[in-house]
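Remarks on the overall topology
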Amino acid sequence: MAFHKEYLDLFLVPTGLIIMFGYHLYLLYKYFYVPHTTVMGFENNDKRAWVEKIMLADKKNIDTALTVLGSSLNGATFLASISLSLSFLIGAWMANNSVFSSELIYGDTRLETMSIKFISLLLCFLLAFACFVQSSRCFIHANYLISTPDTDIPISYVELAVIRGGDFWSLGLRALYFATPLLLWFFGPIPMFVTSIGMVFLLHYLDKNTKQLHCYRSSAKGKQPYKRLEETTSS
């Protein structure tokens, strides 16, 4: 039985995707059960402390918080625009895919396979767009909660909005990370597989956390206009 270069796509591409998905399932497990070992869990601890300090502070710090959330909102909106623009670009490539059908590409260049490549890459960018839009929604909601005057909004509500915004931000970035190997797939299954392996090693280095979580102590004095949810339910 003769070996055809198209067989490489059937083996290397699914293997690369399985490696990527397997790593993210491992990361998801650590995030839920041992969050302090991940960078996202480490950042969430800082976000909770930041929200508590802001909610128990005076009006001047509230204005600073709105500025910080505005920066996060602008970043999410920018990345959403980039993802949508790349989706339009992929649509233009789908109309004329002869660029990636060269004989120099060692792999499957049939029309059906090229369509799968385009659709897979398009789905990644659309997923990233949706996640960044949801991240913007959460940050906008946090703006409303923090800027609401003379209220007893529980701190946990604001924490939830800020952390959810960060989670959707991370999901959008993960979709872009998945898009990178799929983009290299256009140049053959070998670059895609090598990029998947390299991406897993890089993400493992970026996602792990070896520092202990800092235990923030509250230093707020005087009247505390905001309460935690458990405080409001017990009163």
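Because the structure is predicted, anything quoted here is derived from the model rather than measured. (Residues numbered from 1 in each chain as written. Predicted model: local features only at pLDDT ≥ 70, side-chain atom pairs only at ≥ 80, totals over all residues. Heavy atoms only, no water.)

**Considering empty space enclosed by the protein**
Rule in force here: The pocket and cavity definitions rest on a 1 Å grid over protein atoms only: a 1.4 Å probe that fits but cannot leave marks a cavity, an open set with protein on both sides within 12 Å along at least five of seven lines marks a pocket, and residues lining either have an atom within 4 Å of a point. Grid points are joined across faces, edges and corners, and a volume is the space filled by probe spheres set on the points. Helix and strand definitions here come from DSSP, where helices need a minimum of 4 consecutive H or I residues and strands a minimum of 2 consecutive E residues; each element is numbered from the N-terminal end. Any residue outside Ala, Val, Leu, Ile, Met, Phe, Trp, Tyr, Cys, Pro, Asp, Glu, Lys and Arg is labelled polar, Gly included; the first ten of those are nonpolar and the last four are charged.
Going through the model one piece at a time under the given rule, you end up with one cavity of 30 Å³ or more. Each pocket or cavity is described by its volume, and for the largest cavity that value is around 30 Å³. Along the walls of the largest cavity sit Tyr 23, Tyr 26, Leu 27, Lys 30, His 204, Asp 207 and Lys 208, which together make up its complete lining. The element best represented in the lining of the largest cavity is helix H1 (residues 7-33), accounting for four residues. In the lining of the largest cavity, the residues fall into three nonpolar, one polar and three charged.

**A look at helix H6 (residues 189-207)**
Quick note on the threshold: Expected helix span is taken as 1.5 Å per residue step, with the number of steps being one fewer than the number of residues. Relative accessibility decides the category of a residue: with a 1.4 Å probe and only protein chains considered, values under 20% of the type maximum give buried, values over 50% give exposed, and everything between is partly exposed. The arc in question is the one spanned by the directions pointing from the helix axis to the C-beta atoms. Any two residues whose heavy atoms approach within 4.5 Å at even a single point are treated as in contact.
Look at H6: 26 Å from first C-alpha to last across 19 residues, which is about the 27 Å you get at 1.5 Å a residue. Taken together, the buried positions of H6 are occupied by Pro 189, Met 192, Ser 196, Met 199, Val 200, Leu 203 and Asp 207. The buried residues of H6 all sit within an arc of 105° when viewed along its axis, so they share a single face. Exposed positions of H6 whose direction lies more than 90 degrees from the buried face are Val 194, Phe 201 and Tyr 205. Lining the buried residues of H6 we find H1, helix H2 (39-55) and helix H5 (155-185).

**Side note on the pattern of salt bridges**
Note the cut-off: The salt bridge criterion pairs a side-chain nitrogen of Lys or Arg with a carboxyl oxygen of Asp or Glu, the two atoms within 4 Å.
On inspection of all chains with the given rule, the structure shows one salt bridge. Linking Asp 207 and Arg 174 is a salt bridge whose minimum nitrogen-to-oxygen distance equals 2.6 Å. Here Arg 174 lies in helix H5 and Asp 207 lies in helix H6, a separation of 33 residues in the sequence. Per residue, the accessibility class of Asp 207 equals that of Arg 174, and both read buried.

**Comments concerning the packing of aromatic side chains**
Rules: The rule is short: rings of Phe, Tyr and Trp, with Trp giving its six-membered ring, pair when the centres are within 6.5 Å, and they are stacked under 30 degrees, edge-to-face over 60, tilted in between.
Applying the stated criterion across every chain, the model contains five aromatic pairs. Aromatic pair Phe 21 and Phe 178: ring centres 4.9 Å apart, planes at 40°, arrangement tilted. In this pair, Phe 21 is assigned in helix H1 and Phe 178 in helix H5, connecting sequence segments 157 residues apart. Arranged with centres 4.9 Å apart and planes meeting at 35°, the rings of Tyr 29 and Tyr 33 form a pair that is tilted. One end of the pair, Tyr 29, and the other, Tyr 33, are both in helix H1, four residues apart, so they sit about a helical turn from each other.

**Observations regarding the layout of surface pockets**
Considered as a void within the structure, the largest pocket measures approximately 590 Å³ in volume. In terms of lining residues, the largest pocket is bounded by 19 residues, among which His 24, Leu 28, Leu 171, Arg 174 and Phe 178 are the most central. Elements with a minimum of two residues in the lining of the largest pocket: H1, helix H4 (111-147) and H5. With eight residues, the top contributor of residues to the lining of the largest pocket is H1. Approximately 330 Å³ is the volume found for the second largest pocket. Every residue lining the second largest pocket is counted, 17 residues in all, and those nearest its centre are Met 40, Glu 43, Trp 169, Ser 170 and Leu 173. Put simply, the parts of the chain that give the lining of the second largest pocket at least two residues each are H2, H5 and H6. Per element, the largest residue contribution to the lining of the second largest pocket is seven residues, and it comes from H5. Of the residues belonging to the lining of the second largest pocket, the class tally is eight nonpolar, four polar and five charged.

**Some remarks on the packing of H5 against H6**
How two helices pack is summed up by the angle between their axes together with the distance between the axes. The criterion, for reference: What counts as an axis is a line fitted to C-alpha atoms, over the stretch in contact for a helix, and the angles between N-to-C directions run from 0 to 180 degrees. An angle counts as roughly parallel when it lies under 35 degrees, as roughly antiparallel when it exceeds 145, as roughly perpendicular when it falls between 65 and 115, and as oblique in every other case. By definition, turning the near helix anticlockwise from the far helix through less than a right angle yields a left-handed crossing, and turning it clockwise yields a right-handed one.
Two elements in contact, H5 and H6, have axes whose closest approach is 7 Å; the angle formed by their N-to-C orientations is 155°. As judged from the angle between their axes, H5 and H6 are roughly antiparallel. Considering only the axes of H5 and H6, their crossing is right-handed. On H6, the residues that touch Arg 174, Tyr 177, Thr 180, Pro 181, Leu 184 and Trp 185 of H5 are Pro 189, Pro 191, Met 192, Thr 195, Ser 196, Met 199, Leu 203 and Asp 207.

**A closer look at the packing of H4 against H5**
Contact geometry of H4 with H5 gives a least axis separation of 8 Å together with a crossing angle of 165°. With respect to their mutual orientation, H4 and H5 come out roughly antiparallel. Crossing geometry of H4 relative to H5 is assigned as left-handed. Residues of the contact of H4 with H5, tallied by class, amount to 28 nonpolar, eight polar and two charged.

Remember that the coordinates give geometry; whether it matters functionally is a separate question.
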